[in-house]
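Each chain is listed here by its residues.
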Amino acid sequence: MKKSVKNRREFLKTTGMISVSAFVLPSWACAAGKTAMSGFTAEEIPFEQQPLPYAYNALESVIDTMTMEIHYSKHAAAYAKNLADALKAESVDKSSEKLSSLLGKISKYSAKMRNNGGGHYNHEFFWKSMKSPVESNSPQSAIMKAFIKDFGSFDAFKNQFAEAGKNRFGSGWAWLVKTADKKLVVGSTPNQDNPLMDVSELKGTPLLGLDVWEHAYYLKYQNRRPDYINAWWNVVDWKVVQKRFDAA
Ligand code: MN
C-alpha cells in the first residue's frame, strides 16, 4: 500500500501533474463518521470553533483580509457561541453526540439550534475547503471521472454550481453533494441550512459548499455575487474535496 502510494507520487512528480505535498493531508481530512439519522458519511466538525487554517490575508486575491477577519472572528464566532448556548439550553450531551448526527435530526430541536448548528458546521467546513491559490488547481482522478459521468464535464459542473449560488435568493449556500446512491448533485440551501439536515430539500454528503451570504463578499464585490463565485474557484482545495468524495 505504502509502496503504491510512493510509486504514484513518483509518477505524478515526474509527469509534473501534481506536487508531492498534494498527498500530505491534515489529519482532520481523514475524520469521517456515519451520521445516525441521515445515513450519510459526513466529515465530522467539532462543536467548538477551530483556529482558521491560514492567515486572514492568505486568500487575499479572492477574499480580502478584512472580509476574512470579520467573517471568521465575528460572524462564524457568533454561530459557534450561539450553538454552545443552544446545546446547553436543550441539554445535548456533547460527549455522546456528534454535530453531523445532530444536524441529521435537526427538526427535533429549536430554530436557534438549526441556525447556529448549521452556521457553525457550514463555516468550519468552508474554511477547510480553501487554500492559497496554486498554479494547477483542478480535481484529479476519481472525482474528475464522477464530474464527467454526472455532469458531462468539469466545466458543466462549475456552471451548474455557479448558477445554484447566483440563483439562491437572499442568503444561503451552494453545495456539491454525494447522494446516498453515490451520485454527484449540485444545489443550494437557504440561510444556514445544509444537506445533512433532515429538513433540507437537498440531501447528501457535502463535498463542497460556498457561502453566498452578502457578509462573505460584499466589501470586495458589493452586488456582484457572480464575480465572487467566479473568483472563488481559484482558492478551492480540490485535494480536500477528493478526500471527502473518497470517504462518502
Ligand atoms: Mn458566512
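The structure displayed is predicted, hence computed values, not measured ones.

Colleague: Before we go on, may I ask you to explain the packing of helix H2 (residues 65-89) against helix H4 (residues 111-128) in this structure?
Modeller: Any two packed helices are characterised by how steeply their axes cross, that is the angle between the axes, and by the distance between the axes. In contact at an axis separation of 8 Å, H2 and H4 are set at 140° when each is read in the N-to-C sense. Classified by the angle their axes make, H2 and H4 are oblique. Note that H2 runs across H4; the crossing there is left-handed. Residues Met68, His71, Tyr72, Ala76, Ala78, Tyr79, Ala80, Asn82, Leu83, Asp85, Ala86 and Leu87 of H2 touch H4, and the partners they reach there are Lys112, Met113, Asn115, Asn116, Gly117, Gly119, His120, His123, Phe126 and Trp127. For the contact of H2 with H4, the residue count by class is twelve nonpolar, eight polar and two charged.

Colleague: Could you clarify how one ought to interpret the coordination of the manganese ion in this entry?
Modeller: Tetrahedral metal sites with four donors have an ideal angle of 109.5 degrees; octahedral sites with six donors have ideal angles of 90 or 180 degrees. Surrounding the manganese ion are the protein donor atoms His71 (NE2), His123 (NE2), Asp211 (OD) and His215 (NE2), at 1.9 to 2.1 Å. Mapping the donors of the manganese ion onto the primary sequence yields the spacing H-x51-H-x87-D-x3-H. Of this pair, His71 sits in helix H2 while His215 sits in the loop between strand E5 (205-211) and helix H7 (218-221), and the two are 144 residues apart along the sequence. No difference in accessibility class separates His71 from His215, as the two residues are buried.

Colleague: Is there a simple way to explain the nonpolar core in this structure?
Modeller: Note on soluble globular proteins: their nonpolar side chains tend to be buried together. In terms of nonpolar packing, the biggest core is built from 65 residues, with Phe157, Phe161, Leu176 and Trp232 touching the most fellow members. Per-element tally for this core: the top contributor is H2, with seven residues. In this structure, this core is formed jointly by two domains, domain 1 (3-128) and domain 2 (141-247), each of which donates at least three residues. Residues in contact with Phe157, not counting those within four places in the same chain, are Phe147, Phe151, Leu176, Val186, Trp233 and Trp238.

Criteria and thresholds
Here the residue numbers are simple positions, counted from 1 along each chain's written sequence. Selection of residues for local features in this predicted model requires a pLDDT of at least 70, selection of side-chain atom pairs for listing and counting requires 80 or more, and totals for whole chains, interfaces and linings are taken over all residues. Side-chain measures were taken over the full set of non-hydrogen atoms in the model, leaving aside hydrogen atoms and water. Axes here mean lines fitted to C-alpha atoms, for a helix over just the part in contact, with angles spanning 0 to 180 degrees between N-to-C directions. Each helix is a run of DSSP H or I of at least 4 residues and each strand a run of E of at least 2, with the numbering of both proceeding from the N terminus. To sort the angles, those under 35 degrees are grouped as roughly parallel, those over 145 as roughly antiparallel, those from 65 to 115 as roughly perpendicular, and the leftovers as oblique. Left-handed describes a crossing in which the near helix is turned anticlockwise from the far one by less than a right angle; the clockwise case is right-handed. Contact criterion: two residues are considered in contact whenever any of their non-hydrogen atoms come within 4.5 Å of each other. For this scheme, ten residues count as nonpolar: Ala, Val, Leu, Ile, Met, Phe, Trp, Tyr, Cys and Pro. Four count as charged, namely Asp, Glu, Lys and Arg, and the remainder, Gly too, count as polar. Note that water is not among the atoms used; donors are N, O and S atoms within 2.8 Å of the metal (3.2 Å for Na, K and Ca), so sites may look incomplete. Think of it in three bands: with a 1.4 Å probe and only protein chains considered, a residue is buried below 20% of the maximum accessible area for its type, exposed above 50%, and partly exposed in between. Nonpolar cores were defined as sets of buried Ala, Val, Leu, Ile, Met, Phe, Trp, Tyr and Cys residues, with membership established by side-chain atoms within 4.5 Å. An automatic or database domain assignment is the source of the domain bounds shown.

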